[in-house]
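Structure at a glance
The primary structure of each chain is shown beneath.
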Amino acid sequence: ESTLRIVRKQGMLMPGKTYTIETASQAWHVTVVARGADWLASDFERFEFVSDYEVQGLKNQYRSYGLGVPLIAVRRPRHPHDPRERFYPPNLSFPVTAFVRLLPPEHNATPGTRPQHRALLELYDPLTTSETAVGQRIVPLETDLSTPLAYFLNNPQLDQLATAGLLRVDKSQNLRGLYMVQPYEPGKIPVIMVHGLWSSPLTWMEMFNDLRGDPIIRRRFQFWFYLYPTGQPFWESAAQFRQDLAQAREILDPQHLERRLDQIILVGHSMGGLVSKLQTVESGNAFWQIVSDQPFAAIKAPPEIKRQLEQEFFFQPNPSIRRVITIGTPHRGSPFASETARYLARKLITLPELTLTARQQVVRDNRDLLRNPDLLETSTSLDSLSPASPMLPVLLAAPKAPWVRYHNIVGVIQSTNWLGKLAAGSDGVVAYESAHLDDVSSELVVNADHSHVHRHPLSVLEVRRILLEHAAEMDAELAARSAN
């Protein structure tokens with residue numbers, strides 16, 4: 001590590017660089033090479049040493065001991081016109097292990113000269129490689145997965161995403177989309193984590209850190225995160241999520257050859273569970289009939305607004321999504337979305353003015369065709385989460401894709417009634433009766449409040465169990481197809 005610090009100071013700790021170390025008796029020529037699956041030499045902005053940092057904010061830290069020096073690699077963006085760049089947040093950092101491999105010396109033909117010693121400074125991706133061959137032996141590499149994650153999270157701008165997404169929907173749309181904290185890895189199943197109201201992907205970091213710390217999980221799965229403005233109604237976010245998923249597939253796998261991209265798992269917390277579930281149901285006319293008895297084609301509206309409305313009310317289940325895990329989700333609404341809270345939200349949340357004005361015009365131009373014009377004017381996410389929202393019972397009853405399996409995790413703050421028995425209660429935001437589902441493959445109740453239910457160790461273990469079950473079922477399915 002001390003030698004690497006000198007090399008870094010000289011600007012030579014970069015893939016593709018070759019430098020010479022002179023000693024009194026010999027010279028070493030060292031070449032830096034990257035061993036990551038999809039790394040380019042230009043991907044590295046700089047390196048930091050994990051030993052210089054103390055992790056705070058992550059409950060568990062995942063390290064392994066062996067040979068090599070754990071590093072933090074700070075990613076340099078690729079060409080701005082590369083469409084994949086949209087998936088990587090700025091200043092992304094990820095784990096690297098540096099390992100020196102000594103090569104056989106090259107003896108100079110000139111008598112009296114020193115032999116030329118060669119070495120490779122190999123930079124390994126510990127998410128894909130935790131060991132290496134040395135001679136006839138396999139030896140473990142020393143790795144640290146948590147410190148690079150904490151280094152990335154120590155960015156004040158990330159803390160502002162939740163509030164900005166709630167209160168400034170108009171300004172947050174340009175940040176919306178799928179994000180990755182590791183380069184895309186073909187052959188691994190995507191697990192997409194969808195945050196809830198007044199939140200951001202940061203809410204998933206403890207669960208993500210724990211799941212990625214499991215070598216079986218990180219060998220089979222890659223984790224993506226969906227960021228969206230949480231101030232808007234959840235069905236608008238679901239329509240945008242639908243578009244963003246389709247666009248990501250066209251960028252990452254335009255020929256649709258990657259089978260693992262047809263085995264996606266969605267994990268949604270709170271309102272994110274509703275956004276996720278809407279990816280896997282068939283709308284038919286049920287959602288539109290809340291608004292009008294008339295055919296959608298009869299509605300008079302500008303083409304762009306009409307297209308948006310059609311995407312929100314008419315959709316098919318995504319054939320690439322195979323499981324949905326909802327955590328602390330208000331399937332039947334939440335008393336948190338009270339009349340007072342909804343009134344304050346309308347005053348505080350700034351929505352795109354052009355969209356609001358255009359929808360109000362649609363209501364004025366079609367008042368004789370609309371049964372429930374209020375739904376088109378539902379302006380905030382709190383309005384959409386009210387127990388009186390007509391969208392929630394329709395979503396509960398909507399036909400589900402037969403290829404999708406559903407799992408549910410419910411938080412309940414345990415309390416006892418006057419008889420000494422446990423009361424059903426709630427997680428402080430969502431009542432058990434709202435979060436509970438009957439028609440699911442599994443449901444787990446954990447003793448946690450709403451903001452911690454997805455961080456609870458039992459929730460993490462349950463998600464891990466579901467992921468392993470999913471991997472086994474997908475392997476069996478692919479084997480059966482190959483046999484046929």
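Quick note: structure is the one above.
Rules and cut-offs
- Residues numbered from 1 in each chain as written.
- Predicted model: local features only at pLDDT ≥ 70, side-chain atom pairs only at ≥ 80, totals over all residues.
- Heavy atoms only, no water.
- Salt bridge = Lys/Arg side-chain N within 4 Å of Asp/Glu carboxyl O.
- Helix = DSSP H or I, 4+ residues; strand = E, 2+ residues; numbered from the N terminus.
- Buried < 20%, exposed > 50% of the residue type's maximum accessible area, 1.4 Å probe, protein only.
- Lys, Arg positive; Asp, Glu negative; His and termini not counted.
- Polar contact = N/O pair within 3.5 Å; in protein donor to acceptor, adjacent residues only side chain to side chain.
- Contact = heavy atoms within 4.5 Å.
- Core = buried A, V, L, I, M, F, W, Y, C linked by side-chain atoms within 4.5 Å.
- Pairing = 2+ DSSP bridges.
- Axes fitted to C-alpha atoms, helices over the stretch in contact; angles between N-to-C directions.
- Phe/Tyr/Trp six-rings, centres within 6.5 Å; stacked < 30°, edge-to-face > 60°.
- Lys NZ or Arg CZ within 6 Å of the ring centre and 35° of its normal.
- Parallel < 35°, antiparallel > 145°, perpendicular 65-115°, else oblique.
- Left-handed = near helix turned anticlockwise from the far one by under 90°.
- Nonpolar A, V, L, I, M, F, W, Y, C, P; charged D, E, K, R; others polar.

**A closer look at the pattern of salt bridges**
Here the structure, examined in full by the defined rule, presents 32 salt bridges. A salt bridge links Asp475 to Arg220, with the shortest nitrogen-to-oxygen separation between them at 2.8 Å. Note that Asp475 is positioned in helix H17 (residues 457-483) and Arg220 in helix H7 (residues 215-220), a separation of 255 residues in sequence. The class for Asp475 is partly exposed, based on a relative accessible area of 31%. The residue Glu469 makes a salt bridge to Arg323 at a minimum N-O spacing of 2.9 Å. With Glu469 in helix H17 and Arg323 in strand E15 (residues 321-327), this residue pair connects regions lying 146 residues apart in the sequence. Residue classification places Glu469 among the partly exposed residues on the basis of a relative accessible area of 23%.

**As for the side chain of Asp210**
Mapping Asp210 onto the fold places it in helix H6 (residues 205-212). We note that Asp210 is buried and unpaired, the nearest opposite charge coming from Lys59 at a distance of 6.8 Å. There is a polar contact of 3.0 Å between the side chain of Asp210 and the side chain of Asn60. One polar contact links Asp210 to Tyr62, side chain to side chain, over a distance of 2.8 Å. Excluding its chain neighbours within four sequence positions, the residues that come into contact with Asp210 are Asn60, Tyr62 and Val460.

**Thoughts on the nonpolar core**
Residues Ile192, Phe223 and Phe234 are the most contacted members of the largest nonpolar core, which totals 91 residues. With seven residues, the single largest contributor to this core is helix H8 (residues 234-252). Setting aside its immediate chain neighbours within four residues, Phe223 contacts Met180, Val191, Met193, Phe208, Leu211, Ile217 and Leu467. Ranked by size, the runner-up nonpolar core spans 22 residues in total, among them Met14, Phe44, Phe47 and Ala73.

**Re the sheet that holds strand E16 (residues 405-411)**
One open sheet holds the seven strands; their spatial order is E11-E13-E12-E14-E15-E16-E17, and the pairing between them is mixed. Of all the strands in the sheet, the pair left with one neighbour each is strand E11 (177-180) and strand E17 (442-446). Along the sheet, successive strands turn relative to each other by an average axial angle of 20°, direction set aside. When E15 meets E16, the two strands line up parallel, connected through five bridges. In the strand pairing of E16, Thr326 is matched with Asn408.

**Some thoughts on the packing of aromatic side chains**
With the rule as written, the count across this model stands at 16 aromatic pairs. Each ring, one from Phe296 and one from Phe314, has its centre 5.4 Å from the other, and the planes form 65°; the classification is edge-to-face. Separated by 18 residues along the polypeptide, Phe296 in the loop between helix H10 (286-291) and helix H11 (303-313) and Phe314 in the loop between H11 and E15 bring together distant segments of the chain. Residue class for Phe296 comes out buried when judged on its relative accessible area of 10%. An aromatic cluster of three or more residues is present, and its members are Trp39, Phe44, Phe47 and Phe94. Above the ring of Phe49, the side-chain terminus of Arg5 is found at 4.2 Å from the ring centroid. Above the face of the Phe296 ring, Lys306 is positioned so that its terminal group lies 5.5 Å from the ring centre.

**Quick notes on the pairing of strand E1 (residues 18-22)**
Both E1 and strand E2 (residues 27-34) contribute to a ladder of five bridges, which runs antiparallel. Residue pairing for E2: Glu22 is matched across the bridge by Ala27. From the end of E1 to the start of E2, which pair antiparallel, there are four residues.

**Some details on the environment of Thr329**
As for its position among the elements, Thr329 is in the loop between E15 and helix H12 (339-348). Here the alpha-carbon distance between Thr329 and Phe296, two residues 33 residues apart in the chain, equals 30 Å. Filtering out sequence-adjacent residues up to four positions away, Thr329 remains in contact with Gly268, His269, Ser270, Gly273, Leu274, Val430, Ser434 and Ala435.

**Here's the deal with the environment of Gln255**
You can see Gln255 is positioned in the loop between H8 and strand E14 (264-269). Through-space distance from the C-alpha of Gln255 to that of Ser51 is 43 Å; in sequence the pair is 204 residues apart.

**Quick word on the packing of H6 against H17**
The N-to-C vectors of H6 and H17 enclose an angle of 50°; their axes lie 10 Å apart at closest approach. With respect to H17, the axis of H6 lies oblique. In the packing of H6 onto H17, the handedness of the crossing is right-handed. In this structure, H6 contributes Met207, Asp210 and Leu211 to the contact, and H17 contributes Ser459, Val460, Val463, Arg464 and Leu467. Residue composition of the contact of H6 with H17, grouped by class: five nonpolar, one polar and two charged.

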